[in-house]
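# Overview (structure and organization)
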Amino acid sequence: MRITFALAATAVLALSGLPAAAEYARIQSKSDFVAAVNGKRLTRPLVNLQVTPGGAIAGKGAAWQITGSWSWKGGYFCRTLVWGGKDLGYNCQVVMRDGAKIRFTSDKGAGESAVLTLR
């Protein structure tokens, strides 16, 4: 089973629907993204990740380790990710935030989305 983790995010992140009334705003810059995630964990059921300002992604998804790296390119969060030994490859994602919720949408916004909570 292939799980897209958009974070980070992504990322090996379980898929999620969005509330209809969400007020998500796009994160446009690396500095805004770092300000949002710095020192925080990105969580959802069975997922617990950290995305560091230095470009690392680490944590767990289900019972498996998640590792990767990220950069900010042209307004997108671009990451490589390995989940439980499986290389999920490179993907650039749109990042949006609504308070403590952060949403990653793969394929530059054209793919699947995952919502995580910033803790």
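Keep in mind that what you see is a predicted model, and the values were worked out from it rather than measured.

## Comments concerning the confidence of the model for the protein
Confidence in the prediction for the protein averages 87 pLDDT; 82% of positions are at 70 or higher. Contacts for the low-pLDDT stretch residues 1-20, under 50 throughout, to residues beyond four places or in other chains number 84 contacts.

## Details of the nonpolar core
Membership of the largest hydrophobic core comes to 22 residues, with the highest contact counts inside it found for Phe33, Leu42, Phe77 and Ile102. Sorting the residues of this core by element identifies α1 (30-37), β3 (47-51), β5 (64-73), β6 (76-83), β7 (86-98), β8 (101-105) and β9 (113-118) as the ones contributing at least two each. Residue contributions to this core peak at four residues, all from α1. Membership of the second largest hydrophobic core comes to seven residues, among which are Tyr24, Tyr76, Cys92 and Met96.

## Describing the packing of aromatic side chains
The tally for this structure, following the rule as stated, stands at seven aromatic pairs. Pairing Trp64 with Trp83 gives two aromatic rings, centres 5.5 Å apart and planes at 90 degrees, and the pair type is edge-to-face. Taken together, the residues Trp64 in strand β5 and Trp83 in strand β6 connect sequence positions 19 residues apart. By relative accessible area, which is 45% here, Trp64 ends up partly exposed. By relative accessible area, Trp83 is classed as buried at 10%. Three or more aromatic residues joined by ring pairs make a cluster, and in this case those are Phe33, Trp70, Trp72, Phe77 and Phe104. Its guanidinium or amino end placed over the ring of Tyr76, Arg26 lies 4.9 Å from that ring's centre, counting from NZ or CZ.

Calculation notes
Residues numbered from 1 in each chain as written. Predicted model: local features only at pLDDT ≥ 70, side-chain atom pairs only at ≥ 80, totals over all residues. Heavy atoms only, no water. pLDDT = per-residue confidence, 0-100. Contact = heavy atoms within 4.5 Å. Core = buried A, V, L, I, M, F, W, Y, C linked by side-chain atoms within 4.5 Å. Buried < 20%, exposed > 50% of the residue type's maximum accessible area, 1.4 Å probe, protein only. Helix = DSSP H or I, 4+ residues; strand = E, 2+ residues; numbered from the N terminus. Phe/Tyr/Trp six-rings, centres within 6.5 Å; stacked < 30°, edge-to-face > 60°. Lys NZ or Arg CZ within 6 Å of the ring centre and 35° of its normal.

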